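# Structure assessment
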Amino acid sequence: MKKLTRLLVIGLLGIAIAVTFGCSSAPVQSSNSSGIDPTTVLWYNHPADKWENALPVGNGRLGAMVFGKVDEERIQFNEETYWSGGPYSQTVQGGYRVLPEIQSLIFNGEYIKAHKLFGRYLMGYPVEQQKYQSMGDLILKLGHGPEVKDYRLELDLKTAIARVSYEANGIRFEREVFSSPVDQVIVVRLTADRPGSISLVANLRGFRNQAHSNYATDYFRMDGYGQNGLILRGKSADYLGVEGQLRYEAQLRAEAQGGSMSVDDTDLVIKNANSVTLYLATATNFVNYKDVSGDPHLRVEETLGRIAGKPIEQIKEDHVKEHQRLFGRVSIDLGSTAASFLPTDERLKKFDGKNDPNLAALVFQFGRYLLISSSRPGTQPANLQGIWNQYQNPSWDSKYTTNINTEMNYWPAEVANLSDCAAPLFKMIKELTDQGSEVAREHYGAKGWVFHQNTDLWRVAAPMDGPQWGTFTTGGAWLCTHLWEHYLYTGDLDFLKEYYPVMKGSVEFFLDFLKEHPKYGWLVTNPSTSPENFPDRPGNGPFFDEVTGWMSPGTTICAGSTIDMQILNDLFDYVAEASRILGVDEEFRNKVLETRQKLAPMQVNKKGELQEWLEDWGQKEKSHRHISHLYGLFPGNQISLRKTPELAGAARAVLEQRGLVGNGWSSAWKMACWARLLEPEKAMENLVYALHNYTFNNLFSICSKALQVDGSFGMTAAVAEMLVQSHEGEIFILPSIHGSWKKGNIKGIKARGGFELNLSWDENKVIEIEVISTLGRTCSIRTPFPAEVKQVSSGLSLTGQEKTLFSFETEPGKSYKMTFIPIAR
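Along each chain, residues carry numbers from 1 onward, in the same order as the chain's sequence is written. Totals for whole chains, interfaces and linings use all residues, but because this is a predicted model, local features are given only for residues with pLDDT of at least 70 and pairs of side-chain atoms are given and counted only at 80 or more. Remark: hydrogens and water are excluded; side-chain values derive from all non-hydrogen atoms of the structure.

The way it works is that DSSP assigns letters per residue, a run of H or I at least four long becomes a helix, a run of E at least two long becomes a strand, and they are numbered from the N terminus. A count of helices and strands for the protein chain gives 19 helices and 37 strands. In summary, the protein chain has a C-alpha radius of gyration of 27 Å against a globular reference of 28 Å for 825 residues, a match within 12%. With the C-alpha coordinates aligned to their principal axes, the bounding extent of the protein chain is approximately 80 × 70 × 50 Å. Relative accessible area decides the class of each residue, using a 1.4 Å probe on protein chains only: under 20% of the type maximum gives buried, over 50% gives exposed, and in between gives partly exposed. Residue burial in the protein chain is summarised as follows: out of 825 residues, 63% are buried. Any pair of residues with heavy atoms lying within 4.5 Å of one another is described as a contacting pair. Within the protein chain, residue pairs in contact and separated by at least 24 positions form 71% of the contacts whose partners lie at least 6 positions apart. Working note: accessible area of the protein chain is about 29200 Å², and carbon and sulfur atoms make up 48% of it. In this tally, Asp and Glu contribute negative charge and Lys and Arg positive charge; neither His nor the terminal groups of the chain are included. Where a charge sits is defined by one atom per residue type, namely NZ (Lys), CZ (Arg), CG (Asp) or CD (Glu). Averaging the locations of the 85 positively and 95 negatively charged side chains of the protein chain gives two centres separated by 3 Å. Using C-alpha atoms as the atom set, the radius of gyration is obtained and then compared with a globule rule of 2.2 Å times the number of residues to the power 0.38. All accessibility values rest on the Shrake-Rupley procedure with a 1.4 Å probe; residue burial counts only the protein chains present in the view.

Structure representation (structure tokens):
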């Protein structure tokens with residue numbers, strides 16, 4: 001108990017120390033000669049050297065990566081519905097008949113035998129899933145360089161415009177690239193400061209699966225189109241025995257002011273123009289996960305027809321306005337130093353956690369930018385790579401991985417004031433109940449619906465990859481917690497009514513699936529797994545796996561993993577509360593709550609760590625990247641410094657044991673967990689490590705050398721968690737603020753209960769806060785130090801339950817201002 005008390009004191013003292021800790025570099029003005037905003041602009045003095053360092057633009061559906069080259073520019077582009085295959089199912093009929101034998105083997109400790117039976121009878125077929133595909137490259141042969149002057153490549157997160165500028169042969173050239181959410185085209189605008197200076201040759205090139213070139217069935221055709229355009233048409237690849245049923249079309253249309261323009265076979269040739277604007281429109285025949293009857297040619301023609309005659313100035317203005325409608329909801333400034341105005345790649349290299357406070361602000365805003373650019377109402381959700389992918393065989397197929405990655409993609413949606421950007425996720429969850437109910441019935445003999453650790457465009461729901469991964473039955477349950485979080489932030493009763501049956505269906509599956517453990521008497525999932533972590537237990541040695549076709553280091557199969565139990569604790573609680581709020585299913589609600597009491601509890605092992613499995617097993621990897629059993633700390637709400645100090649101490653021991661090594665999304669998860677434990681130095685340590693080891697120059701996250709978006713999104717959520725926490729029925733302001741963030745502000749951040757916050761602080765620990773209430777509920781504010789209120793809005797009455805907690809009543813649509821200062825000692 002002394003150790004736990006010490007942890008509490010250290011955590012709270014860390015906040016007080018943080019507020020007074022100075023920066024190591026002298027502060028400078030927030031603007032310089034280049035006029036950049038270090039919180040919203042990425043910039044470089046050289047082109048991208050590889051695709052992973054190119055700059056992303058996107059409108060939720062169309063994505064592009066901009067290299068910024070001066071001789072031959074490459075703009076690689078994607079359309080979010082271009083995948084391999086077509087509508088298909090992985091459901092295996094009658095697998096449930098073997099389930100009791102598998103469960104008995106697991107309870108008896110015969111895990112490898114259970115693994116083999118699961119692989120034969122419960123794995124989905126085909127075992128793998130479909131791949132997200134690259135659609136094409138727009139190549140612009142410019143002929144500048146190799147030597148140019150005053151080169152600059154930048155991405156302005158405020159406007160969602162990538163810009164390249166340089167001087168060649170005494171002429172200043174500039175290119176702008178953006179993906180318009182209004183007009184649904186990718187726009188490339190080329191200008192120069194001398195008339196008649198722009199000449200180029202454009203190609204529109206497709207991709208083919210070269211690794212499968214001797215038997216793949218994908219193809220593309222490149223042609224000129226009219227007097228000012230190019231066209232690319234193609235078909236998706238058959239894969240895993242699933243016919244490639246997607247057809248696509250991309251059209252490039254050019255408008256040139258001055259000069260000449262012609263089409264020569266597959267080349268669009270422009271000579272001596274004053275300015276050039278290129279419009280790229282793409283579409284597939286995808287309608288939904290069961291329907292591919294669309295007409296891509298008609299869709300492209302209609303898109304280009306709608307912008308015919310529309311001035312480029314208006315197209316750009318509409319694009320910026322729509323982007324800023326979302327992006328402009330939140331601003332953040334954590335303080336600038338001289339380092340803040342360096343090129344972004346240099347900022348990353350020099351960052352030590354203290355010398356450039358606003359790099360954390362840029363990381364925060366970059367995650368928001370990516371979410372806006374890859375996930376909007378009406379689009380698909382952001383996959384492992386968002387919407388950006390140059391490969392036909394991308395890492396992990398660039399699918400939706402739901403044992404952490406897809407969930408992390410949407411961690412910042414609510415708190416970072418982008419609730420509407422989560423709509424595609426919610427739609428996907430509902431779509432997963434289709435095959436999910438088939439899998440529940442045929443694989444497990446259960447009611448409701450179940451979903452595992454991966455899906456693709458076609459919304460398959462069965463176990464995949466192999467039993468080591470496929471026994472994660474709580475993937476759909478985890479996704480359902482996002483539905484409840486959306487309700488907590490918005491109070492949207494219509495949304496809750498719409499999605500309550502989805503959440504209820506997930507619970508119905510587990511009411512049938514849970515089994516009483518013969519040794520402990522608890523209800524547990526069986527089979528189960530703690531994602532991707534192989535327990536070090538007797539008999540769990542290497543064996544040749546007939547599903548994967550390689551030597552497996554063991555099996556991950558178990559019963560009642562800690563993360564399973566934590567997720568179900570949350571889901572059962574949320575569904576019962578939703579039932580109460582909606583006034584429905586009282587008998588069902590009582591059964592859910594009764595079952596919840598029987599779920600296996602969290603345990604602390606002999607080393608003082610939170611136990612990952614029912615048994616006190618070790619792990620085969622010293623510092624595994626997954627920290628699955630810390631779901632209960634973050635993003636869940638079952639482990640708390642104040643409410644469950646012993647479990648908080650055990651969670652801290654896990655974080656210490658896992659250390660810094662992992663990958664981008666792992667660092668983000670650890671950072672958020674440290675923020676929950678009120679340890680800002682530890683949180684910052686993970687940010688620094690991630691930026692140095694798991695981050696490309698463009699701030700995209702790295703996972704095993706591959707570009708992914710999850711870590712970028714997770715960092716946004718983690719920074720938010722350091723500034724505001726609202727998971728315990730109160731708004732904790734600056735709970736884990738780092739010492740280098742001496743003076744700053746954030747405006748527009750959201751809190752549960754229907755509150756929006758504008759927050760500022762200074763080195764004297766004066767905190768000014770404005771609370772905007774959307775639901776009119778009681779608001780409770782917790783301060784990071786004993787405080788008194790100096791200024792409040794007229795008529796506002798605060799009740800101080802303790803020296804760090806203040807409450808007041810609100811009305812919908814009204815704002816409330818107050819200033820907190822430390823109590824004089």
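Now, onward.
Any two side chains of opposite charge can pair, on the condition that their charged atoms come close. Whenever Lys or Arg places a side-chain nitrogen within 4 Å of a carboxyl oxygen from Asp or Glu, that contact is recorded as a salt bridge. Per the stated rule, a full pass over the model turns up 49 salt bridges. One salt bridge in this structure joins Lys430 and Glu498, with 2.6 Å as the shortest N-O distance. Here Lys430, found in helix H10 (residues 423-444), pairs with Glu498, found in helix H13 (residues 493-513); they are 68 residues apart in sequence, far enough to count as distant. We classify Lys430 as partly exposed; its relative accessible area is 32%.

Of the two faces of strand S1 (residues 41-44), both are covered, the one formed by Val41 and Trp43 as well as the one formed by Leu42 and Tyr44. Two strands qualify as a pair provided that DSSP identifies no fewer than 2 bridges between them. With four bridges connecting them, S1 and strand S6 (residues 149-156) associate as antiparallel partners. Bridged to Val41 within S6 is Asp156.

A sheet is described by the order of its strands in space; here nine strands give the open sequence S1-S6-S7-S8-S9-S16-S13-S12-S11, paired in antiparallel fashion. In this open sheet, the two strands that pair with only one neighbour each are S1 and strand S11 (219-225). Pairs of neighbouring strands in the sheet enclose a mean axial angle of 15°, with direction left out of account. Pairing analysis gives seven bridges linking S11 to strand S12 (residues 229-235), with the strands arranged antiparallel. When the bridges of S12 are listed, Arg221 appears paired with Arg233. In the packing of helix H5 (residues 312-327) onto the sheet, contacts are made with strand S7 (161-168), strand S8 (171-179), strand S9 (186-192) and strand S16 (275-284), and the angle to S8 comes to roughly 55°. With axes taken as lines fitted to C-alpha atoms, and helix axes fitted only over the stretch in contact, angles between N-to-C directions fall between 0 and 180 degrees.

Where helix H17 (residues 664-676) meets helix H18 (residues 680-693), the closest approach of the two axes is 8 Å, and the angle between their N-to-C directions is 165°. As judged from the angle between their axes, H17 and H18 are roughly antiparallel. For the element pair H17 and H18, the recorded crossing hand is left-handed. When H17 is examined against H18, the residues Ser667, Lys670, Met671, Trp674 and Ala675 are found in contact with a partner set consisting of Lys682, Ala683, Asn686, Leu687 and Ala690. Of the residues belonging to the contact of H17 with H18, the class tally is six nonpolar, two polar and two charged. Should an angle fall under 35 degrees it is called roughly parallel, over 145 degrees roughly antiparallel, and 65 to 115 degrees roughly perpendicular, with every other angle called oblique. Take the far helix as the reference: if the near one is turned anticlockwise from it by less than a right angle, the crossing is left-handed, and if turned clockwise, right-handed. Classification used: nonpolar for Ala, Val, Leu, Ile, Met, Phe, Trp, Tyr, Cys and Pro, charged for Asp, Glu, Lys and Arg, polar for all others including Gly.

Further remarks concern helix H14 (residues 562-582). Helix span, expected: 1.5 Å multiplied by one less than the number of residues in the helix. Over its 21 residues, H14 extends 30 Å from the first C-alpha to the last, a length consistent with the 30 Å expected when each residue adds 1.5 Å. Summarising burial for H14: 16 of the 21 residues are buried, a large majority. Immediately beyond the C-terminal end of H14, within one or two residues, lies Gly583, with a positive phi of roughly 70°.

A general feature of soluble globular proteins is that nonpolar side chains tend to end up buried together. What we call a nonpolar core is a set of buried Ala, Val, Leu, Ile, Met, Phe, Trp, Tyr and Cys residues that are connected through their side-chain atoms within 4.5 Å. In this structure, Leu278, Tyr444 and Trp669 are the most contacted members of the largest nonpolar core, which totals 234 residues. When near neighbours in sequence (up to four residues on either side) are disregarded, Tyr444 contacts Tyr96, Leu99, Phe118, Leu122, Val439, Val450, His452, Pro463, Thr473, Phe509 and Phe513. Formed by 13 residues, the second largest nonpolar core is a distinct cluster that contains Phe178, Tyr279, Ile307 and Val320.

Of note, the bond from Tyr125 into Pro126 is cis; its omega dihedral lies within 30 degrees of zero at 0°. By secondary structure assignment, the location of Pro126 is in the loop between helix H3 (111-121) and strand S5 (136-141). Pro635 follows Phe634 through a cis peptide bond whose omega is 10°. Relative to the assigned elements, Pro635 resides in the loop between strand S25 (618-619) and helix H16 (645-658). Non-glycine residue Asp465 carries a positive phi angle of around 75°. A positive phi angle is found at Leu699, which is not glycine, with a value near 80°. Position of Leu699 relative to the elements: it lies in the loop between H18 and strand S26 (701-703). Note on Leu699: relative accessible area 5%, which makes it buried.

The next thing to look at is the sheet that holds strand S36 (residues 805-808). Here five strands make up an open sheet; going across it, the order is S28-S29-S33-S36-S35 and the pairing mixed. Each end of this open sheet is capped by a strand with a single partner; those strands are strand S28 (724-725) and strand S35 (799-802). With three bridges joining them, S35 and S36 adopt antiparallel strand pairing. Bridge assignment links Thr799 to a residue of S36, and that residue is Ser807.

Moving on: helix H2 (residues 99-107). The complete set of buried residues in H2 reads Leu99, Ile102, Gln103, Leu105 and Ile106. Viewed along the axis of H2, the buried residues span an arc of 160°, placing them on a single side of the element. On the buried face of H2, the contacting elements are H3, H10, H13 and strand S20 (515-516). Two residues or fewer after H2 comes Gly109, characterised by a positive phi angle close to 80°. Note: the arc covers the axis-to-C-beta directions of the helix.

The next point concerns the packing of aromatic side chains. When two rings of Phe, Tyr or Trp (its six-membered ring) have centres within 6.5 Å they constitute a pair, described as stacked for plane angles under 30 degrees, edge-to-face for angles over 60, and tilted for the intermediate range. Taken as a whole and assessed by the stated rule, the structure comprises 31 aromatic pairs. A centroid spacing of 5.7 Å and a plane angle of 85° characterise the contact between Phe366 and Phe700, whose relative ring orientation is edge-to-face. Linking Phe366 in helix H7 (residues 357-374) with Phe700 in the loop between H18 and S26, this pair joins segments that are 334 residues apart in sequence. For Phe366, a relative accessible area of 1% puts it in the buried group. Taking the relative accessible area as the measure of exposure, Phe700 reaches 0% and is therefore buried. An aromatic cluster is defined as three or more aromatic residues linked by ring pairs; in this entry it consists of Trp411, Trp478, Tyr631, Phe634 and Trp669. If you follow Lys430 out to its NZ or CZ, it ends over the ring of Tyr499, 4.6 Å from the centre. Residue placement shows Arg537 over the ring face of Trp617; its charged tip is 4.7 Å from the ring centre. In our convention, an over-ring charge means Lys NZ or Arg CZ found within 6 Å of a ring centre and within 35 degrees of that ring's normal.

So, about the side chain of Arg752. Tracing the backbone through its elements, the reader meets Arg752 in the loop between strand S30 (744-751) and strand S31 (755-761). Pairs of N or O atoms are called polar contacts if they sit within 3.5 Å, as long as, within protein, a hydrogen donor faces a hydrogen acceptor (for residues adjacent in sequence, only side-chain-to-side-chain pairs). Of note is the side chain of Arg752, whose polar atom sits 3.0 Å from the side chain of Ser726.

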